[in-house]
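Residues per chain are reported as follows:
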Amino acid sequence: MTDQTPDLPAARPDGPFEDAAVARADAAGPRLDRTGPFIAGDKVQLADAKNRLHTITLKEGGQFHSHRGVLRHDDLIGAEDGTVVEDSHGTAYQALRPLYSDYMLSMPRGAAIIYPKDSAQILMWGDIFPGARVLEAGVGSGGLTTALLRAVGPEGSVHSIERREDFAGVARENVETYFGAPHPAWTLSIGDFQERALELAADGPCADRVVLDMLAPWECVDAAATALVSGGVFLAYVATVTQLSRTAEALRDHGEFTEPYAWESFVRPWHLEGLAVRPEHRMNAHTGFLLTARRTAHGVEALRRVRRPAPGSQDAAELSHPDNDGFGGSETTWTADDLGERGVAARKIKRALRDIRQGRDR
């Protein structure tokens, strides 16, 4: 994969990000992470008494029409976040800025996104701290990238690497829509992680954290080890058990990563209505597995965990048996079809880009 697309953005401002972002917002439009009274250009989420949601973009002289009546945008401009307004027929709406989770779940997308329950755990267990240098691969539609940028703060940086230029285009539009302009801490490259990470680490380790969301993260373990500082965190998000197994074995085989730790999470919302307190009928179950490991000091072999393996789990004949292909670090090359992943049609990418651009004004 060639890397012909220049990194974006080219430079970071000298001043604090907040000051720079406010200045850019005046020229490029309000940010979705701002606070204070509503201004023209803000996105506002309207909720009626039945919690039916409508999202509008405020315009001077604008109007929101529903079958109940008309709500004037001028009644919201200058009002405090969280105010209650009424339309021409007296229908009341609670007006709030959308949260990041609202934006992530509703953003137009080409590739699938990492959902909030997993993004939150990536930030926690990946230990994404203010000022961190994060190397991300598999930018998708930009959902996790936005979370990483919020976490690293004005002194940190996120370098995202994406193989597909069409995915990168959607991600760039979504991230810039959220922040109101190109984020000064973000660099987006088109290319292969293994090649790009080695280029970035030519003068020494360049990343405090590596976050991978891709088909075959085990192929990137060596490059990630080169890019990571001693004690850095490797984190992979994978969809299937076989991906999880191969990545864990690749980390062990490398020798300079601590024992990998893996888990998945389920979120079960609850219905709250007087005495009727019970679980909701639907829950947010399996989306993917998260796997983490720490980089040891460069050149230092990791201390192997003493464990009692299950019979046959490390047996060479069992590992090489065709029925167990994909587990235990096999050498088979996989494609997206092998994992049941659907390809993303070009028309879906075009539709996502159209929806992002139109959504900025409606």
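Going by the structure above, here's the rest.
**Some points on the sheet that holds strand 15 (residues 289-294)**
Logical step 1: Strand order in the open sheet formed by 7 strands is 9-8-7-10-11-15-12, with mixed pairing between adjacent strands. If you trace the sheet from one side to the other, it starts and ends with strand 9 (186-190) and strand 12 (261-263), each paired once. Put simply, the sheet's adjacent strands are angled 15° from each other on average, direction ignored.
Logical step 2: Bridge analysis of strand 8 (residues 157-162) against strand 9 gives 5 bridges, and the strand direction is parallel. In the strand pairing of strand 9, S160 is matched with L188.

**Details of the sheet that holds strand 2 (residues 53-57)**
Logical step 1: One open sheet holds the 4 strands; their spatial order is 2-1-6-5, and the pairing between them is antiparallel. The sheet terminates laterally at strand 2 and strand 5 (84-86), the two strands that pair on one side only. Ignoring which end each strand starts from, the neighbouring axes of this sheet average 35° apart.

**Digging into the packing of helix 5 (residues 165-179) against helix 10 (residues 346-359)**
A pair of packed helices can be characterised by two numbers: the angle between their axes and the separation between those axes.
Logical step 1: At a minimum axis separation of 10 Å, helix 5 and helix 10 run at an interaxial angle of 15°. Here helix 5 is positioned roughly parallel relative to helix 10, judged by the angle of their axes. The handedness of the crossing between helix 5 and helix 10 comes out as left-handed. Listed contacts from helix 10 to D166, F167, G169, V170, E173, N174 and T177 of helix 5 are I349, A352, L353, I356 and R357.
Logical step 2: Residues that form the contact of helix 5 with helix 10 fall into these classes: 6 nonpolar, 3 polar and 3 charged.

**Observations concerning the pattern of salt bridges**
Logical step 1: A complete count under the given rule lists 15 salt bridges for this structure.
Logical step 2: Here R34 makes a salt bridge to D42, at a shortest N to O gap of 3.0 Å. By the burial criterion, R34 is buried, and D42 matches it.
Logical step 3: Among the salt bridges present, the one from D48 reaches R68, with a minimum N-O distance of 3.9 Å. Remark: R68 occurs in the loop between strand 3 (63-65) and strand 4 (70-72) and D48 occurs in the loop between strand 1 (43-47) and strand 2; sequence separation between them is 20 residues.
Logical step 4: For R68, a relative accessible area of 24% gives the class partly exposed.
Logical step 5: Put simply, R34, D42, D81 and R97 are held in one network by salt bridges that share partners.

**A look at the environment of T240**
Logical step 1: Inspection of the secondary structure assignment puts T240 in the loop between strand 11 (228-238) and helix 8 (241-254).
Logical step 2: Distance from T240 to G288, taken between C-alpha atoms, is 7.0 Å for residues 48 residues apart in sequence.

**A word on the pairing of strand 6 (residues 92-96)**
Logical step 1: On strand 6, burial follows the alternation: Y93 and A95 on one face are buried, whereas A92, Q94 and L96 on the facing-out side are not.
Logical step 2: Where strand 1 lies against strand 6, 3 bridges are found, and the strand directions are antiparallel. Each bridged residue has a counterpart across the sheet, and for L46 the counterpart in strand 6 is A95.
Logical step 3: Pairing geometry for strand 5 and strand 6, over 3 bridges, is antiparallel. If you follow V84 over to strand 6, its bridge partner there is Q94.
Logical step 4: Taking the residues that link successive antiparallel strands as the turn, the strand 5-strand 6 hairpin has 5 residues, and the phi of G90 there is positive, at about 85°.

**Points about unusual backbone geometry**
Peptide bonds are, in most cases, trans, and in most cases residues other than glycine have a negative phi.
Logical step 1: Positive phi is not limited to glycine here, since N51 has a value of about 60°.
Logical step 2: As for its placement among the helices and strands, N51 is situated in the loop between strand 1 and strand 2.
Logical step 3: Look at D127: it is not a glycine, yet its phi comes out positive at around 55°.
Logical step 4: Turning to its location among the elements, D127 is positioned in the loop between helix 3 (116-125) and strand 7 (133-137).
Logical step 5: The exposure class of D127 is partly exposed, given its relative accessible area of 40%.

What counts and what doesn't
Residues numbered from 1 in each chain as written. Predicted model: local features only at pLDDT ≥ 70, side-chain atom pairs only at ≥ 80, totals over all residues. Heavy atoms only, no water. Pairing = 2+ DSSP bridges. Helix = DSSP H or I, 4+ residues; strand = E, 2+ residues; numbered from the N terminus. Axes fitted to C-alpha atoms, helices over the stretch in contact; angles between N-to-C directions. Parallel < 35°, antiparallel > 145°, perpendicular 65-115°, else oblique. Left-handed = near helix turned anticlockwise from the far one by under 90°. Contact = heavy atoms within 4.5 Å. Nonpolar A, V, L, I, M, F, W, Y, C, P; charged D, E, K, R; others polar. Salt bridge = Lys/Arg side-chain N within 4 Å of Asp/Glu carboxyl O. Buried < 20%, exposed > 50% of the residue type's maximum accessible area, 1.4 Å probe, protein only.

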